[in-house]
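Read off the chains here:
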Amino acid sequence: MVEIEIDGKKVEVPEGSMVMHAADKAGTYIPHFCYHKKLSIAANCRMCLVDVEKAPKPMPACATPVTQGMIVRTQSTKAVEAQKSVMEFLLINHPLDCPICDQGGECQLQDLAVGYGGSASRYHEEKRVVFHKDVGPLISMEEMSRCIHCTRCVRFGQEIAGVMELGMANRGEHAEIETFVGDTVDSELSGNMIDICPVGALTSKPFRYSARTWELSRRKSVSPHDSTGANLIVQVKNNQVMRVVPLENEAVNECWIADRDRFSYEALNTEQRLTKPMLKQGGQWKEVDWATALEYVANGLNQIKAEHGAGAIGALVSPQSTVEELYLAGQLVRGLGSDNIDYRLRHTEFAQTEGAHWLGTSIASLSDLQAALVVGSNLRKDHPLFAQRIRQAARRGAAVAAITSVANLRDEHAWAMPVAVRSLGEAGEWLALLANVAASVAQSQGVAAPVEGEATAEGQAIAQLLLSGERKAILLGNMAAHHPNASSLLALSQWIGRQTGATVGYLTEAGNTVGAQLVGALPARGGQNAGQMLAGGLKAVLLLNCEPGYDTSAPLQASDMVITLSPFKANMDISDVLLPIAPFTETSGTFVNAEGRAQSFHAVVRPLGETRPAWKVLRVLGDMLGVVQPPYESSQEVLGQALGGLGASSQVDRSRLSNQTGAGIQLRSEAVALAPVNIYQLDGIVRRAPSLQETADARQGAST
């Protein structure tokens, strides 16, 4: 540790820290533009010049290493005059358009100009003009004359997103931030460039000219789209979601969110929203009141139960639904005497599990891995924020290996990170490839291999990667979970993990996949699984946030009665009744992310039209059908019953989480048709977000 003095205050920081880090620790603010705690140091804006004793000139705080006994003054005449001079240079070419700038009210340059800018400019020459650029449907670069060349966006692309999509061309006052040969910005994390831009050069295209920042109220929420459980700040005006930005949480999403977390809110304001209950009568859809719709559902279910038995009724539930909704859906189905409920909509194997499958480690630990093996995952598109953490580990020297399909992840660009070893094969060959790794591990350890396999060069390379270092993980992706031999993949991964000391876990697909398992949204012995229900095993099916054909591995075969609970006008070709339920922004609830962290949230806006929270709809249906249940008055009461004693942000007891399997390893050679789900087709909300559907990823039809 090194002790220095900043403005008369002593502070200790690790050797190698910069003055800026020491100032942060001491609680001293130093003005800056190019410095960002998550990015490399560029030291090109010079706004953080400070007075260092015995230094001949002001020094940049972000790039000046601390030394023992250093004395720094941030408010001295020398420091302030230097900072004012820098501000004067920054404003020479900056347009005076704060009143019409979307960044107005939350602009670092605007704020610092008040303290360090002059009341008038000494320059009378014409300001430079930079031609606008079209970089896609998400980011607006219409006003690049505002750019101050801090290069935050460039460094973000290289270091965090892993794809250098922006760069700086020319020099001096002719310098411009631009894409290469007119390309668009297509990274799945690109929206974070908007947040880190300190001026109004990069702004949100969907939000552009919609509202002023001071008109917006800010409310916390949690993303339902993937298993990170990214923390969000939802900004609202006139009971409408206007913008979504990240809420910093180092343990979960740091200060980043994926583009689908940021821009999916557009779907909540479209004409595709279902705002009143609807019944299909004579082939025509008609709006009805809630009492009529619920009575229709209750009578229909009672009739089918009387004629065909409770086993003819079931529910296909989406893991994007909350813990409370999934729990009450299970209580409803089981209260009727059926055990047909399943959240595994895209799975093709339905083995019994010993506990809730989860990540096997903490999310934060992914950033510190020394070795990782990723099996059956389109990591960058399926889990953008997990991929970002593993990318940071790789930048620090971690070795990453992958067993995946040739078509999906052929080159480095698909990963946006260096991959030390890629064992490529179609989905039907993954088990054999993993057996080769196991054979190599067994050979190195002098033990018997669990199954017959060949110690190939690739298998040996992956084995050595997993046998070296201390912090390592085997991560099974969405396609590994959907695989028809998923339990064998898990059993073989567990054997390799035990021999190498690596943790084994699932990246998990959706915002509440772990929560769905914890509340028993699965058929117990004797109940029908999702595959059987989709194949026509039911007379009456309840679809909770589920759209067969989009969210499932197969379309739904004909049933006598189909009840859809959705925020959107979905399943209109197969449904008999549509019940409008609230999306995550209009209801309270809880999601359990991949690491088993339960995160509760409240509604940020009132339900649209006659929309109702799904947990209330399910509770009322249960009452009408005679299901014995407590008279729940709030989602927190339901949560207490479902998971018991968890707070708003609590870690689920690890004893309830398990990736262990008693399944044997069966090496089957068969053709397996598995393809990654497009990043912008994962759930009903992102599918209906106009800007996301205009991106390159959405247009390609499948993630690359």
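Since we're looking at a predicted model, the values are computed, not measured.

Quick notes on the rules
- Residues numbered from 1 in each chain as written.
- Predicted model: local features only at pLDDT ≥ 70, side-chain atom pairs only at ≥ 80, totals over all residues.
- Heavy atoms only, no water.
- Phe/Tyr/Trp six-rings, centres within 6.5 Å; stacked < 30°, edge-to-face > 60°.
- Helix = DSSP H or I, 4+ residues; strand = E, 2+ residues; numbered from the N terminus.
- Buried < 20%, exposed > 50% of the residue type's maximum accessible area, 1.4 Å probe, protein only.
- Lys NZ or Arg CZ within 6 Å of the ring centre and 35° of its normal.
- UniProt positions renumbered as here; feature names shortened; annotations may be inferred.
- Contact = heavy atoms within 4.5 Å.
- Pairing = 2+ DSSP bridges.
- Axes fitted to C-alpha atoms, helices over the stretch in contact; angles between N-to-C directions.
- Salt bridge = Lys/Arg side-chain N within 4 Å of Asp/Glu carboxyl O.
- Patch = residues over 30% accessible without salt bridge, like charges linked within 9 Å, V, L, I, M, F, W, Y side chains within 5 Å.
- Areas by Shrake-Rupley, 256 points an atom, 1.4 Å probe, with all protein chains shown as cover.

## Side note on the packing of aromatic side chains
To describe a pair of aromatic rings, one takes the distance between the centres and the angle between the planes.
Thinking step 1. With the rule as written, the count across this model stands at 2 aromatic pairs.
Thinking step 2. Taken together, a centroid distance of 5.0 Å and an interplanar angle of 35° make the contact between F591 and F601 tilted. Note that F591 is positioned in strand 26 (residues 589–592) and F601 in strand 27 (residues 597–601), a separation of 10 residues in sequence. For the pair F591 and F601, a shared accessibility class is recorded, and that class is buried.
Thinking step 3. Here R243 stacks its cationic end above the ring of F207, 4.5 Å away from the centre of that ring.

## A look at the UniProt feature "domain: 4Fe-4S His(Cys)3-ligated-type" (unreviewed entry) in the chain
Thinking step 1. Here the UniProt feature "domain: 4Fe-4S His(Cys)3-ligated-type" (unreviewed entry) sits at residues 78–117.
Thinking step 2. Split by type, residues 78–117 is 60% helix and 0% strand. Its first and last C-alpha atoms lie 16 Å apart.

## Some points on the environment of E325
Thinking step 1. Tracing the chain through its elements places E325 in helix 8 (residues 323–335).
Thinking step 2. Contact partners of E325, with chain neighbours within four places excluded, come to L544, N545, T587, A614, W615 and L618.

## Quick notes on the sheet that holds strand 15 (residues 284–287)
Thinking step 1. Pairing is mixed in the open sheet, where 7 strands are placed in the order 15-14-25-24-23-16-17. Two strands lie at the open edges of the sheet, namely strand 15 and strand 17 (341–342), each paired on one side alone.
Thinking step 2. One ladder, built from 2 bridges, connects strand 16 (residues 313–317) with strand 17; its direction is parallel. Its bridge partner being in strand 17, L316 is matched across the sheet by D342.
Thinking step 3. Of the strands in this sheet, strand 14 (278–281), strand 16, strand 23 (540–544), strand 24 (561–566) and strand 25 (577–580) are in contact with helix 7 (residues 290–308), which crosses strand 25 at around 130°.

## Here's the deal with the sheet that holds strand 5 (residues 71–73)
Thinking step 1. Here 5 strands make up an open sheet; going across it, the order is 2-1-5-3-4 and the pairing mixed. Strands at the two margins of the open sheet, each flanked by one partner only, are strand 2 (9–13) and strand 4 (59–60).
Thinking step 2. Bridge count for strand 1 (residues 2–6) against strand 5 is 2 bridges, and the pairing is parallel. Across the sheet, I6 pairs through a bridge with V72, a residue of strand 5.
Thinking step 3. Running at roughly 115° to strand 2, helix 1 (residues 19–26) makes contact with strand 1, strand 2, strand 3 (49–52) and strand 5 of the sheet.

## Here we look at the pattern of salt bridges
Thinking step 1. In this structure the tally under the stated criterion is 29 salt bridges.
Thinking step 2. One salt bridge in this structure joins D195 and R262, with 2.7 Å as the shortest N-O distance. Linking D195 in helix 5 (residues 192–196) with R262 in helix 6 (residues 259–263), this pair joins segments that are 67 residues apart in sequence.
Thinking step 3. Residue class for D195 comes out partly exposed when judged on its relative accessible area of 33%.
Thinking step 4. Where D551 meets R687, a salt bridge forms, and the shortest distance between an N and an O atom there is 3.0 Å. Here the residue D551 occupies a position in the loop between strand 23 and strand 24, and R687 occupies one in helix 20 (residues 684–687), the gap between them amounting to 136 residues. The two residues D551 and R687 agree in class, both being buried.
Thinking step 5. Each of R346, E509, E547, D551, R687 and R688 takes part in salt bridges that share partners, so that together they form one network.

## Brief notes about a nonpolar patch on the surface
Thinking step 1. There is a patch of nonpolar side chains on the surface, built from M164, F180 and V181 and spanning about 320 Å² of accessible area.
Thinking step 2. Inspection of the secondary structure assignment puts M164 in the loop between helix 4 (152–161) and strand 8 (166–169).
Thinking step 3. According to the relative accessible area criterion, M164 is partly exposed, its value standing at 39%.

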